[in-house]
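Fold and contact review
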Amino acid sequence: RLRKIPFDRAIASPLLRTQATAAHVCPKVESELRLLETDHGEWEGKNKNEIESIWPETYARWLNNPRDVTFPGGESFLETQSRVLDWWEEVTNDPCNLLVVAHDNILRIIIANVLKMDLDDIWQFRLQSAAITTIEIKNGKPKMICLNDIGHLTDLQADLFLHAL
């Protein structure tokens with residue numbers, strides 16, 4: 001669906017899945033470390049039920065007050081927010097038609113910033129894997145054009161309840 005759009009740049013997290021997704025749209029993809037998914041530490045590879053049973057208090061904070069969470073053996077969510085918004089500020093100062101391919105938490109941070117939402121409210125909207133979110137920036141001001149467009153996914157949508165985080 002996006003192949004017909006003339007992107008000036010494509011930037012993706014260095015992880016294989018984001019690089020491969022971006023490469024389907026643009027032949028040249030820049031890698032950006034600050035777009036890496038949150039380092040979930042000991043939570044990596046575990047499903048929600050496991051995480052909740054081992055770290056019930058931290059998991060409850062993650063669902064209600066993500067800004068207060070430091071993942072066991074990983075980074076704090078405020079650290080994730082800081083690196084992502086540092087990158088966002090840099091990239092939005094360069095007006096171009098930009099494709100960004102990143103991870104759920106990273107996109108939630110950017111979207112919350114654009115919508116001027118509190119970081120603790122990032123669960124107030126749905127984000128499907130491979131959905132399209134369009135943000136327009138004019139005169140340095142971002143505007144949400146489309147959030148979580150899944151029209152191209154038809155029956156390929158993921159069961160978000162099964163996602164680990």
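Please refer to the structure placed before this passage.
One numbering rule holds for all chains: residues counted from 1, following each sequence as written. The predicted origin of the model limits local features to residues at a pLDDT of at least 70 and limits the giving and counting of side-chain atom pairs to 80 or more, whereas totals for whole chains, interfaces and linings rest on all residues. Hydrogens and water molecules were not included; the side-chain quantities draw on all heavy atoms of the structure.

On to the packing of helix α4 (residues 77–92) against helix α5 (residues 104–114), then. Orientation is described by axes fitted as lines to C-alpha atoms, over the contacting stretch for helices, and by angles from 0 to 180 degrees between their N-to-C directions. Each helix corresponds to a stretch of at least 4 residues labelled H or I by DSSP, and each strand to a stretch of at least 2 residues labelled E; elements are numbered beginning at the N terminus. Taken N-terminus to C-terminus, the directions of α4 and α5 make an angle of 65°; their axes are 10 Å apart at the nearest point. Here α4 lies roughly perpendicular to α5, going by the angle between them. Considering only the axes of α4 and α5, their crossing is right-handed. For the pair α4 and α5, contact is made by F77, T80, Q81, R83, V84, L85, W87 and W88 and by N105, I106, I109, I110, N113 and V114, respectively. All amino acids are sorted into three groups, where Ala, Val, Leu, Ile, Met, Phe, Trp, Tyr, Cys and Pro are nonpolar, Asp, Glu, Lys and Arg are charged, and the leftover types, Gly among them, are polar. Residue classes in the contact of α4 with α5 are distributed as nine nonpolar, four polar and one charged. If an angle is under 35 degrees, it is roughly parallel; if it is over 145, roughly antiparallel; if it lies from 65 to 115, roughly perpendicular; otherwise it is oblique. By the definition used in this description, the sense in which the near helix is turned from the far one sets the handedness, with an anticlockwise turn below a right angle giving left-handed and a clockwise turn giving right-handed. Contacts: residue pairs with any heavy atoms within 4.5 Å of one another.

With that settled, the discussion passes to the pairing of strand β3 (residues 98–101). The side-chain alternation of β3 yields one buried face, formed by L99 and V101, and one unburied face, formed by L98 and V100. Think of it this way: DSSP has to see at least two bridges between two strands before they count as a pair. The pairing of strand β1 (residues 9–12) with β3 spans four bridges and is classified as parallel. Looking at the pairing, R9 lines up with L98 of β3. A simple rule labels every residue: compare its accessible area, found with a 1.4 Å probe on the protein chains alone, to the largest value its type can have, and call it buried under 20%, exposed over 50%, or partly exposed in between.

Moving on, we come to the state of the cysteines. For the purposes of this analysis, a disulfide is any pair of cysteine sulfur atoms at a distance within 2.5 Å. Inspection of every chain in the model, using the stated rule, returns zero disulfides. Not part of a disulfide, C26 finds its nearest cysteine sulfur in C96, a span of 11 Å. Under the relative-accessibility criterion, C96 is labelled partly exposed at 29%.

Along the chain, L99 turns up in strand β3. Each C-alpha atom of the pair L99 and A10 lies 4.6 Å from the other, and the pair is 89 residues apart in sequence. In this structure, L99 is in contact with L2, F7, R9, A10, I11, A22, V25 and C26, ignoring residues within four places of it in sequence.

Attention now goes to helix α1 (residues 16–23). Of all the positions in α1, only T18, Q19 and A22 are classed as buried. Taken down its axis, α1 places every buried residue within 100° of arc, on the same side. Along α1, the residues that are exposed and aim more than 90 degrees away from the buried face are L16 and R17. Among the structural elements, β1, β2 (30–31) and β3 are those in contact with the buried residues of α1. Here the arc refers to the set of directions running from the helix axis out to each C-beta atom.

Basic side-chain nitrogens of Lys or Arg form a salt bridge, by our definition, when they fall within 4 Å of a carboxyl oxygen of Asp or Glu. Summed over all chains, the structure comprises nine salt bridges. The partner of R34 in a salt bridge is E32, and the shortest N-O contact between them spans 2.9 Å. In this structure, the salt-bridge partner of R67 is D120, at a minimum N-O distance of 3.5 Å. Of this pair, R67 sits in the loop between α3 (56–64) and α4 while D120 is found in the loop between α5 and β4 (132–138), placing the two residues 53 residues apart along the sequence. Among the residues examined, R67 registers a relative accessible area of 28% and is labelled partly exposed. Residue D120 is classed as buried on the basis of its relative accessible area, which comes to 15%.

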